[in-house]
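Architecture and fold: a report
Each chain, letter by letter, is given below.
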Amino acid sequence: SEFLDLPTCELDSLQELAALVTAVRISPVPKEWLAMILKHEGYIPKLLQLFQVCESEKNIEGLHLLFEVVRAILYLDKAFLFEEMLSEEHIMDVVGCLEYDPCLDHPVRHREFLTKITKLHDAILIRDPELRKKIRQTFGAQYIQAIIMHDPSDFEEGFLSTFNSFISSSRKEILFGLLKDEDFLPGILAQLKNEATDGVERREMMMFFKQFCTSSFMLPEKRDEFIQTLQKLGFLPILEKSMGMDDLQIRSAATDMLFYLVLFSPDTVQEFVMQEARQSENDGQLITKIIEQIICNPDPEFGECTRLMEIFCALIDPEKMMDVFSHLEVFEFVNTFYNRYIDVLTAPLMDDTSEEWNEIVFFFFFFFFVDNYRTAEILASVLELLSFCVERHEYHMKAYVIKKDLLRRALVLMKSKHKFLALCALRFMRGIIGLKDDLYNNYITTGNLFEPVVNAVLANKSSCNLLRSALMELFEFIQEEDIHFLIEHIVENFSDALESLKCLPTFQGLKTKYEQEKERQNKELD
C-alpha cells in the first residue's frame with residue numbers, strides 16, 4: 001500500500017521521493033511495483049517538467065534532488081522505463097538532470113556535448129529517419145551509461161544488465177539497418193576522402209565508422225561480403241591517409257580498423273601492400289606509415305603501439321603470405337621490403353648508436369639523450385621487430401645484419417640503464433645464435449661481438465634479475481647445442497675475464513667442452 005500511494009510530483013515532496021526510490025534498489029519485489037507505478041501514473045514526464053521549472057528558477061537544491069531521483073529510476077533497470085526516458089522527447093531532459101551531481105561543484109555540460117555530436121551524426125548520410133532516430137537514442141543511452149556507471153567496481157555483477165542489453169540490441173538493429181542502406185558506405189567514405197571535411201567532423205565520423213566496422217567484423221555471416229565491399233570502395237587508401245594525420249583519435253581509430261581487417265582478412269591487406277610495393281616509392285605507403293607510427297609513438301606502452309607491431313608482423317610474415325601468393329611473389333615482396341622499408345625501421349637504432357663519434361662524445365650523448373625512458377621503449381620495439389625478421393627472413397635479414405653491422409649497433413644498448421632494453425638487445429643476439437648459421441657465427445667472432453655480452457655478465461654477476469638469467473641461458477644454449485666455433489672463441493678470448501665465475505657450471509661446462517674438442521682434434525692429428 002505504501003508504493004501504491006507515491007508522493008505527488010512537486011518540489012516539496014522531492015526529498016521523500018528520492019528517499020523512496022533509492023531505498024527500493026536492493027529489493028526485487030518493490031522495484032517491480034515502483035517501476036510499474038512510475039509508468040502507469042505518467043511520473044517521468046511530470047518529473048522532467050519539474051526539472052525545467054527548477055532549472056529556469058536556478059533551484060540548485062531541487063536540481064540535486066532530481067539528479068538522485070532520475071539516477072535511482074535508471075537503477076531500477078526496466079526496459080519499458082528506458083523506452084520512455086530515452087525517447088527523442090525526453091532524453092535531453094534526462095541528461096540535463098544528470099548534469100547536477102551534488103558531488104560536483106559545478107554542473108557538467110552533458111547536453112551541450114550531446115547536441116554537438118548529434119549535429120555531427122546528422123552530417124552522416126543516412127536516409128532512413130527511423131534509423132537516424134535510433135542512432136541518436138543509442139548514443140544518448142551509451143552516454144548515460146558512461147555517466148551513471150563511471151566506476152563499475154562500485155556495483156555488483158549483473159548490475160544494469162537490462163540497460164546493457166537494451167544498448168546491445170539497439171547497436172545490432174543499427175548495424176543491420178546500415179548494412180541494408182546501399183548509400184551509407186559510399187557516402188561516409190566519400191566524406192572521409194574529401195579534403196574539405198572539417199577536422200572535428202572527420203574525427204567523429206571516424207569514431208562512428210570504427211564502431212560500425214568493428215561490429216560488422218564480428219558478424220561471421222556478413223563479414224566476407226562487407227570486407228569485399230570496403231575493398232571495392234577504396235577503404236585501405238583512406239586508412240593509410242588517416243594513419244598519417246596529426247589527430248591522435250583519428251590515427252587510433254584507423255589503427256583499430258586496420259587491426260581487425262588484418263585479423264579477419266590478412267590477404268586483403270597483404271595484396272594492397274604488395275600492389276603498393278610494385279607501383280611506388282616509400283612515401284605514403286602503408287608499411288612506411290605503420291613503421292613511422294611505431295617509432296614516433298608518443299606513448300609506446302599504450303596498446304596502439306602493440307597493435308601496430310602485430311599488424312606489421314602479420315603483413316611481412318612469408319608463412320601467412322604463402323596461403324594466397326606464389327613463392328616468387330612472396331620472395332619479390334620480401335626483397336622489396338629490404339630494398340625500401342627496412343632502413344626506415346632501423347633508422348632509430350642506426351642514429352642512436354652511430355660509429356662516427358669518439359668514445360667520450362658517444363658516452364655523453366647515449367646516457368643523457370638516448371637512454372631516456374621513451375627512447376628506450378622505441379628502441380625496444382624496433383629490436384622486437386628485428387628479432388621477428390631474423391626468425392622469418394633468414395636469407396635477407398642475414399645479408400642485411402652483416403652488411404650494416406647491425407648486431408654491433410644493437411649490443412651497444414647492453415649498456416643501457418633500462419634492463420628491458422638490454423634484454424631486447426640480448427634477445428636479438430639470441431635469435432641470431434639460435435639459427436646456428438656458420439656465416440652469422442663467423443660474423444660474431446670476427447667482430448668480437450661477445451665482448452659486450454661478457455661485460456654484461458660481469459656487471460650482473462652478483463644480481464638476481466631477468467637479464468642475468470637470459471645471459472646464462474644464452475651460454476647454456478651454446479654449450480648444449482655444442483656450437484664449437486663459438487665455444488672456442490669464448491674460451492680463448494674471455495676465459496681470464498670469466499675466471500671469477502668459474503664456480504658457475506655454465507662456464508665450467510664451456511671450458512670442459514673446449515678441452516674435449518681440443519683433445520679429439522689432437523687424436524685425429526696423431
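An unreviewed UniProt entry annotates the protein as P4R3B phosphatase of Hirundo rustica.

1. Brief notes about the overall build of the protein
Scanning the protein from N- to C-terminus turns up 29 helices and zero strands. For the protein, the proportion of its 526 residues judged to be buried stands at 51%. Carbon together with sulfur atoms contributes 52% to the accessible area of the protein, which is approximately 26,300 Å² in total.

2. Brief notes about the pattern of salt bridges
By the definition in use, this model includes 25 salt bridges. Measuring nitrogen to oxygen at the nearest pair gives 3.9 Å for the salt bridge that ties Glu84 to Lys39. In this pair, Glu84 sits in helix α5 (residues 79–85) while Lys39 sits in helix α2 (residues 28–40), placing the two residues 45 residues apart along the sequence. Judged by its relative accessible area of 36%, Lys39 is partly exposed. Salt bridges here are not isolated pairs; linked through shared partners, they connect Asp317, Glu319, Glu391 and Arg392.

3. Quick word on the nonpolar core
If you look at the biggest cluster of nonpolar residues, it comprises 128 residues, and the most contacted ones within it are Phe209, Phe428 and Phe450. Within the second largest apolar cluster, 50 residues are counted, among which are Ala72, Phe82, Ala141 and Tyr143.

4. Description of the packing of aromatic side chains
Counted according to the given criterion, the structure contains 21 aromatic pairs. Aromatic pair Phe337 and Tyr338: ring centres 5.1 Å apart, planes at 85°, arrangement edge-to-face. Across the pair, Tyr338 and Phe337 agree in class, each one buried. Aromatic ring contacts, followed pair by pair, group Phe184, Phe208, Phe209, Phe212, Phe217, Phe226, Phe235, Phe259, Tyr260 and Phe264 into a single cluster. The ring centre of Phe259 lies 4.3 Å from the NZ or CZ of Arg307, which sits over that ring. Positioned above the aromatic ring of Phe477 is the side chain of Arg430, whose terminal nitrogen or guanidinium carbon lies 3.9 Å from the ring centre.

5. Quick look at the environment of Leu6
Of note, Leu6 is situated in the segment before α1 (14–23). Expressed as a C-alpha distance, the spacing of Leu6 and Ile37, which sit 31 residues apart in the sequence, is 8.3 Å. With near-sequence residues (within four places) excluded, Leu6 lies in contact with Leu20, Leu34, Ile37, Leu38 and Tyr43.

6. Let's talk about helix α10 (residues 184–193)
Of all 10 residues in α10, seven are buried; the element is thus mostly enclosed. Those residues of α10 that fall on the buried side of the exposure criterion are Phe184, Leu185, Gly187, Ile188, Leu189, Gln191 and Leu192. Contacts from the buried residues of α10 go to α9 (161–180), α11 (199–217), α12 (220–232) and α13 (235–243).

7. Examining the environment of Pro237
Inspection of the secondary structure assignment puts Pro237 in helix α13. As a C-alpha pair, Pro237 and Leu286 span 49 residues in sequence and 8.3 Å in three-dimensional space.

8. What about the state of the cysteines?
Under the criterion given, the structure shown has zero disulfides. Between Cys313, a cysteine without a disulfide, and Cys389, which holds the nearest cysteine sulfur, the sulfur-to-sulfur distance is 7.4 Å.

9. Points about the packing of α9 against α11
Axis separation between α9 and α11 bottoms out at 10 Å; the angle between their running directions is 95°. On the basis of their axis angle, the class for α9 and α11 is roughly perpendicular. Within the contact between the two elements, α9 uses Leu175, Leu178 and Leu179 and α11 uses Phe208, Phe212, Ser215 and Ser216. Considering only residue class, the contact of α9 with α11 consists of five nonpolar, two polar and no charged.

10. Observations regarding the side chain of Thr255
For Thr255, the position within the fold is in helix α14 (residues 248–264). Within the local environment of Thr255, its side chain forms a polar contact with the backbone oxygen of Arg251, the two atoms lying 2.9 Å apart. Apart from residues no more than four positions distant in its own chain, Thr255 is found in contact with Met243, Glu304, Arg307, Leu308 and Ile311.

11. Regarding helix α24 (residues 419–434)
What sets the pattern is the α-helix's 3.6 residues per turn: residues three or four places apart point alike. Taking 1.5 Å as the rise per residue, α24 with 16 residues should run 22 Å; its terminal C-alpha atoms sit 22 Å apart, in good agreement. Phi for Lys436, located one or two positions after α24, is positive at around 55°.

12. Details of the environment of Glu377
In this structure, Glu377 sits in helix α21 (residues 373–392). Linking Glu377 and Ile295, residues 82 residues apart in sequence, is a C-alpha distance of 9.2 Å.

13. Considering the side chain of Lys398
Along the chain, the position of Lys398 falls in helix α22 (residues 394–404). For Lys398, a relative accessible area of 18% corresponds to the buried category. Of the polar contacts made by the side chain of Lys398, one reaches the side chain of Asp437; its length is 2.8 Å. Not counting chain neighbours up to four residues away, the residues in contact with Lys398 comprise His393, Asp437, Leu439 and Tyr440.

14. Describing unusual backbone geometry
Leaving glycine aside, a negative phi is the common case for residues, and trans is the common case for peptide bonds. The backbone of Lys58 shows a phi angle near 55°, a positive value even though the residue is not glycine. Tracing the backbone shows Lys58 in the loop between α3 (43–56) and α4 (60–75). Positive phi, close to 50°, is recorded for Asn448, a residue that is not glycine. When you line up the elements, Asn448 lands in the loop between α25 (438–446) and α26 (451–459). The exposure class assigned to Asn448 is partly exposed, which follows from its relative accessible area of 28%.

15. Some words on the packing of α13 against helix α15 (residues 266–279)
Orientation of α13 relative to α15, taken along the N-to-C sense of each, is 75°, at an axis distance of 11 Å. In terms of axis orientation, α13 runs roughly perpendicular to α15. Counted together, Leu236, Pro237 and Glu240 of α13 and Thr268, Val269, Phe272 and Glu276 of α15 form the full contact between these two elements. Taken together, the residues of the contact of α13 with α15 break down into four nonpolar, one polar and two charged.

Parameters and conventions
Residues numbered from 1 in each chain as written. Predicted model: local features only at pLDDT ≥ 70, side-chain atom pairs only at ≥ 80, totals over all residues. Heavy atoms only, no water. Helix = DSSP H or I, 4+ residues; strand = E, 2+ residues; numbered from the N terminus. Buried < 20%, exposed > 50% of the residue type's maximum accessible area, 1.4 Å probe, protein only. Areas by Shrake-Rupley, 256 points an atom, 1.4 Å probe, with all protein chains shown as cover. Salt bridge = Lys/Arg side-chain N within 4 Å of Asp/Glu carboxyl O. Core = buried A, V, L, I, M, F, W, Y, C linked by side-chain atoms within 4.5 Å. Phe/Tyr/Trp six-rings, centres within 6.5 Å; stacked < 30°, edge-to-face > 60°. Lys NZ or Arg CZ within 6 Å of the ring centre and 35° of its normal. Contact = heavy atoms within 4.5 Å. Disulfide = S-S within 2.5 Å. Axes fitted to C-alpha atoms, helices over the stretch in contact; angles between N-to-C directions. Parallel < 35°, antiparallel > 145°, perpendicular 65-115°, else oblique. Nonpolar A, V, L, I, M, F, W, Y, C, P; charged D, E, K, R; others polar. Polar contact = N/O pair within 3.5 Å; in protein donor to acceptor, adjacent residues only side chain to side chain. Expected span 1.5 Å × (residues − 1).

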